[in-house]
Protein chains: 2
Amino acid sequence: MLPLGKCAMDSIDERILGLLRTNARMPVSEIARTVGLSAAPVGRRIERLESEGVIRGYVTLVSDAAVGELEAFTEIRLAGDVDTREIEGIARQVPEVQQYYTIAGDPDALLRFRVRNVEHLQQVVNAIRRTGIVAGTKTLIVMSSWDRAQPFPSEGAHDKHT
Amino acid sequence: MLPLGKCAMDSIDERILGLLRTNARMPVSEIARTVGLSAAPVGRRIERLESEGVIRGYVTLVSDAAVGELEAFTEIRLAGDVDTREIEGIARQVPEVQQYYTIAGDPDALLRFRVRNVEHLQQVVNAIRRTGIVAGTKTLIVMSSWDRAQPFPSEGAHDKHT
DNA sequence: AGTGAAAACTTTGTACG
DNA sequence: CGTACAAAGTTTTCACT
């Protein structure tokens, strides 16, 4: 179910993924027209890609600033004798952690947070530091951001109005 | 159109965003049932959230390992006299850059890459270094990752099969 | 694995409280 | 800003190639 290495995919699967990547809500019928197939097989291909774990989910990008939230990254350096899976387990239990990455080298892990404000960020980072398995952290606060997936040229937190 | 700070949103908007965040393909009718409204106003609310810039896009999370790709972050430290918008403009022109973040403090920016392999990564990072505005870079290679948005418990690149 | 058509469901528009 | 219902479009399932 979850892919270890490259999967059996033809060029049509790749085009379907390319379309869905930049617009997860694109109708199957429109994808079908674009790749030159009818709707039925495209629906089955998408279902297959989901169950194979190639498609890991469909998410909506929400402007953190609009929701009154802050975005931050924290790099984690672990104590020498700690397995990365320990910090992964902890990260999973912290609801503010939006994404988790195991890193090859230094640091050992990278976490992306969504928090209400700087105090909230401080609380969350301190909670992770207090676990005892963390040798050090470095937190990067995001001022603005963009994502290649989004078609419109938003610039995140510091835009002119309307 | 693009939000500067918190927008006028009621608790129903927030619940709609919460549902779409974890499943961008959830039908409007199902969202309507969950929040206790009929489909029409939910559709109009989503349309409004899109045009206000609160919803910045719908993306599909694709397993990089399954597509035979590598994921990496590069921290950028800029030369002292350089505006962050310069590196943002460069990042936009590099198709391998998936996400861009302006950071408060050190480093100045964070880039997330999708590349075919380590050689490809090296090329892309060197291209950015050669622009002349970069004082230093540090690249973090992702070994495994997860995203809170995905409902299924995928663990990225190093899972047992099926 | 694809097509094409029918059935079920979803989205969108219009009228109205 | 909500509901209700009808029209248009989409997804899914079926028999068939």
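Parameters at a glance
- Residues numbered from 1 in each chain as written.
- Chains lettered and ligands numbered in written order.
- Predicted model: local features only at pLDDT ≥ 70, side-chain atom pairs only at ≥ 80, totals over all residues.
- Heavy atoms only, no water.
- UniProt positions renumbered as here; feature names shortened; annotations may be inferred.
- Helix = DSSP H or I, 4+ residues; strand = E, 2+ residues; numbered from the N terminus.
- Least-squares fit on C-alpha atoms with pLDDT ≥ 70 in both.
- Contact = heavy atoms within 4.5 Å.
- Buried < 20%, exposed > 50% of the residue type's maximum accessible area, 1.4 Å probe, protein only.
- Arc of directions from axis to C-beta.
- Axes fitted to C-alpha atoms, helices over the stretch in contact; angles between N-to-C directions.
- Parallel < 35°, antiparallel > 145°, perpendicular 65-115°, else oblique.
- Left-handed = near helix turned anticlockwise from the far one by under 90°.
- Nonpolar A, V, L, I, M, F, W, Y, C, P; charged D, E, K, R; others polar.
- Near = heavy atom within 4 Å.
- Polar contact = N/O pair within 3.5 Å; in protein donor to acceptor, adjacent residues only side chain to side chain.
- Core = buried A, V, L, I, M, F, W, Y, C linked by side-chain atoms within 4.5 Å.
- Buried area = accessible area lost by both parts, 1.4 Å probe.
- Salt bridge = Lys/Arg side-chain N within 4 Å of Asp/Glu carboxyl O.

For the rest of this paragraph, the subject is the UniProt feature "domain: HTH asnC-type" (unreviewed entry) in chain A. According to UniProt, the feature "domain: HTH asnC-type" (unreviewed entry) maps to residues 9–70 of chain A in the numbering used here. Each end of residues 9–70 of chain A is marked by a C-alpha atom, and these two atoms are 38 Å apart; helix forms 53% of the span and strand 15%.

Below, the discussion takes up the relation of the copies chain A and chain B. Structural alignment of chain A on chain B gives an RMSD of 0.1 Å, achieved by rotating through 180° and translating 0.1 Å along the axis. The transformation relating the two chain copies, once decomposed into turn and shift, fits a two-fold axis. Same-surface contact between copies: 96% of interface residues of chain A are shared with the interface of chain B.

Attention now moves to helix α2 (residues 28–35) of chain B. All names here are of chain B. Restricting attention to buried positions, one finds in α2 the residues I31, A32 and V35. Looking down the long axis of α2, one finds its buried residues gathered within 105° of arc, a one-sided arrangement. Packing partners of the buried residues in α2 comprise α1 (11–22) and α3 (39–51). Just downstream of α2, G36 is the residue with a positive phi angle, here 80°.

Moving on, we get to the packing of helix α1 (residues 11–22) of chain A against helix α2 (residues 28–35) of chain A. Between two packed helices, what matters for the description is the angle formed by their axes and the separation of those axes. Residues and elements named next belong to chain A. Running from N to C, α1 and α2 point in directions that differ by 130°, and their axes come no closer than 10 Å. As the angle between them shows, α1 and α2 are arranged oblique. The hand of the α1/α2 crossing is right-handed. Every residue of α2 that contacts α1 at I12, R15, I16, L19 and L20 is listed here: I31, T34 and V35. Taken together, the residues of the contact of α1 with α2 sort by class into six nonpolar, one polar and one charged.

Around DNA strand D, the neighbouring residues are P27(A), V28(A), S29(A), A39(A), A40(A), L37(B), S38(B), A40(B), P41(B), R44(B) and R45(B). At 2.7 Å from a phosphate oxygen of DNA strand D is found a main-chain nitrogen or oxygen belonging to V28(A). Within the side chain of R45(B), an N or O atom sits 2.5 Å from a phosphate oxygen of DNA strand D. Secondary-structure elements contributing two or more residues to the surface near DNA strand D are α2 and α3 (39–51) of chain A together with α3 of chain B. Here the element with the most residues in the surface near DNA strand D is α3(B); it accounts for four residues.

Around DNA strand C, the surrounding shell consists of R25(A), L37(A), S38(A), A40(A), P41(A), R44(A), R45(A), P27(B), V28(B), S29(B) and A40(B). Sugar plus phosphate, as a fraction of atoms of DNA strand C within 4 Å of the protein: 71%. A distance of 2.8 Å is found between a phosphate oxygen of DNA strand C and a backbone nitrogen or oxygen belonging to V28(B). One nitrogen or oxygen atom from the main chain of S29(B) is found 2.6 Å from a phosphate oxygen belonging to DNA strand C. Breaking the surface near DNA strand C down by element, the ones donating at least two residues are α3 of chain A together with α2 of chain B. Top element by residues in the surface near DNA strand C is α3(A). It accounts for four residues. Broken down by class, the residue content of the surface near DNA strand C amounts to six nonpolar, two polar and three charged.

For the rest of this paragraph, the subject is the nonpolar core. Counting 38 residues, the largest nonpolar core has I16(A), I31(A), I46(A), I31(B) and I46(B) as the members making the most contacts within it. Of all elements in the fold, only α1, α2, α3 and β1 (55–62) of chain A together with α1, α2, α3 and β1 (55–62) of chain B reach the threshold of two or more residues within this core. The element that contributes the greatest number of residues to this core is α1(A), accounting for five residues.

For an interface, size is often stated in terms of accessible area lost upon the parts coming together. Contacts between chain A and chain B engage 78 residues on the former and 75 residues on the latter. Of the roughly 7500 Å² buried at the junction of chain A and chain B (both faces included), carbon and sulfur atoms supply 53%. Among the residues chain A hides against chain B, the three largest losses belong to R21(A), R56(A) and W146(A). Together they make up 14% of the total. The interface formed by chain A and chain B includes two salt bridges. Measuring nitrogen to oxygen at the nearest pair gives 3.8 Å for the salt bridge that ties K138(B) to D106(A). Elements that contribute at least two residues to the side of chain A that touches chain B include exactly α1, β1, β2 (70–78), α4 (84–93), β3 (97–104), β4 (109–115) and β5 (134–147) of chain A. Here the side of chain A that touches chain B gets nine residues from one element, more than from any other, and that element is β5(A).

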